[in-house]
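A structural walkthrough
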Amino acid sequence: AVNHYIEHIEKDTHNAFVEIFYGEARERATVIDQKLRYGTAGKLAGMIIGIKDNLCLKDHHVSAGSKILDGFESLYTATVVERLVKEDAIIIGRLNMDEFAMGSSNTTSYYGPVKNPHNPAMVPGGSSGGSAAAVAAGLCHAALGSDTGGSVRQPAAFCGIYGLKPTYGRLSRYGLIAFASSFDQVGPMTTNLEDMALLMEVMAGKDPMDSTSSSRPVEAFSKALQSEQKFTIGYLAETLNHPGLDPVIRQKTLDTLELLRSQGHSVVEVHMPYLDYLTPIYYIIATAEASSNLARYDGVHFGYRSPNAKTMDEVYTLTRTEGFGTEVKRRIMLGTFVLSSGFYDAYYGRAQRARRLITDTTNELFQLCDFLLTPTTPGTAFPIEKKFDDPTKLYLEDVFTVLANITGIPAISIPAGRHSSGLPIGIQLMAPKYNDFQLFELAAQLRS
Ligand code: GLN
């Protein structure tokens, strides 16, 4: 299987991988083969997994899609990756991504844009675009992505696969290069729910290295897939009436609700009156946290250092000027601004209060229903060449996904057929915090 995938990755034209771990993957395969013969192999024996290039693997390069980490090698392995390896998964390589996971198109990577396997002129979504494209193009069994504002779910929807953002704290963030720490969560991307449930069983659970990881017991997510439990599903009216929503995606969402009704679930209309505030709240908090997290790339501690620097000041300024791309710089500027002393309360403080209000409102909605259902994205994959006259227009791509990150709740994107253009469509389910198991229960019932 390793040889099979390596052959495919080498021939691949989507630019999904930035590095293949040739020798190592083959060596591991030999060892696991032996273990299989002796019946000592782990739960994931033979599963071949690609990891987004913001997950650390000891003694391997990691770049977060950025020039600024050029040449940097991880000093330790991310806990989620370590847990996969312990169960005999084979890590096949590093996957392309938007620089520092900032984006929805995978066009800001230092390694160039990723192409959508369903149509190479289109973006795969982002920022985990390499992960989504690799899984959709059959270059690995499964991939890990990271989701700060939708970066697992949106590319999953654009590429026609499953993508899960678990409850904040369900997976360890240790060894995940930080973007916005109060939103970041690693997530599995797969072609099927069985693989996803198994990966979650292996990866979830307390990690002493991440104090925000939960010590709640890990459920047997695979057992959820046989469930016939009936639920109440609330559809967010504001998302279906959203002016930017593609009519075909709207219809698919209505069809999904109809299917759920026909299966005996109750479907109710619910309201999130603050829908249009979610994206601005997300971008204020995410850029604030990013400006702080990215302060560490100073040309001294990690990766790239400008060869043109002559003074200490120049080490900082030239390294950062040359090392970061435009979008990352924009976000550092935005974040620094909203945290600056004169504006802190007007922007950051206010966004945090709004975050509390949104969380309370969402919790109230879960008094009325067990799940929230929305389309994953307002539209399907767009052309790689598409120019946005205003960069914040691309931010609106996240309108349906950021709610789960703002509130910390789990959310999954489920493939829901195709648009008339042939491009995939995704439906999103969200559940109360730590109801990841229930998310699997309902997602399984939506399989056709
Ligand atoms: N598109 C969002 C952003 O650019 C989400 C990114 C993410 O989830 N990593 O911030």
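Residues numbered from 1 in each chain as written. Predicted model: local features only at pLDDT ≥ 70, side-chain atom pairs only at ≥ 80, totals over all residues. Heavy atoms only, no water.

What follows concerns the side chain of Ser128. Its location among the elements puts Ser128 in the loop between β3 (90-95) and α4 (129-136). Once you skip the residues sitting within four places of it in the chain, Ser128 turns out to touch Lys52, Asn106, Gly145, Ser146, Ser151, Val152, Pro155 and Met189. (Helix = DSSP H or I, 4+ residues; strand = E, 2+ residues; numbered from the N terminus. Contact = heavy atoms within 4.5 Å.)

In this structure the tally under the stated criterion is 15 salt bridges. The closest approach of N and O atoms between Lys58 and Asp59, which form a salt bridge, is 3.9 Å. Judged by relative accessible area, which is 52%, Asp59 ranks as exposed. Where Asp345 meets Arg353, a salt bridge forms, and the shortest distance between an N and an O atom there is 3.9 Å. Here Asp345 falls in the partly exposed class, since its relative accessible area comes to 48%. Ionic contacts of the salt-bridge type, sharing partners, join the residues Glu19, Asp53 and Arg94 into one network. (Salt bridge = Lys/Arg side-chain N within 4 Å of Asp/Glu carboxyl O. Buried < 20%, exposed > 50% of the residue type's maximum accessible area, 1.4 Å probe, protein only.)

Let us look at unusual backbone geometry. The peptide bond linking Gly126 to Ser127 adopts the cis configuration, its omega dihedral lying at 5 degrees. As for its placement among the helices and strands, Ser127 is situated in the loop between β3 and α4. Of note in this structure, Asp59 is not a glycine but carries a positive phi near 65 degrees. Locating Asp59 in the fold gives a position in the loop between β2 (48-52) and α3 (79-86). The phi dihedral of Ala101 falls on the positive side, at around 65 degrees, and the residue is not glycine.

Attention shifts here to the domain arrangement of the chain. Taken domain by domain, the chain consists of domain 1 (2-226) and domain 2 (232-445). With centres defined by C-alpha atoms, the gap from domain 1 to domain 2 works out at 19 Å. Summing both sides of the interface, domain 1 and domain 2 together bury roughly 5,200 Å²; the carbon and sulfur share of this comes to 66%. It is Ile68, Arg153 and Phe183 that lose the most area in domain 1 upon contact with domain 2, and together they represent 14% of the buried surface on that side. The tally of links between domain 1 and domain 2 comes to 28 residue pairs in polar contact (both at pLDDT 80 or more). Contributions of two or more residues to the side of domain 1 that touches domain 2 are made by α5 (153-159), β5 (162-165) and α6 (193-203). Across the side of domain 1 that touches domain 2, the residue classes tally to 33 nonpolar, 20 polar and eleven charged. (Domains from an automatic or database assignment. Buried area = accessible area lost by both parts, 1.4 Å probe. Polar contact = N/O pair within 3.5 Å; in protein donor to acceptor, adjacent residues only side chain to side chain. Nonpolar A, V, L, I, M, F, W, Y, C, P; charged D, E, K, R; others polar.)

Following the criterion strictly, the structure yields 18 aromatic pairs and no others. The interplanar angle of 15 degrees and the centroid separation of 4.6 Å between the aromatic rings of Tyr76 and Tyr174 together place this pair among those described as stacked. With a gap of 98 residues between them, Tyr76 in the loop between β2 and α3 and Tyr174 in the loop between β5 and β6 (185-190) connect regions that are remote in the sequence. We classify Tyr174 as partly exposed; its relative accessible area is 22%. Between Tyr283 and Tyr395, the aromatic rings sit 3.9 Å apart at their centres with planes inclined by 5 degrees, giving stacked as the arrangement. (Phe/Tyr/Trp six-rings, centres within 6.5 Å; stacked < 30°, edge-to-face > 60°.)

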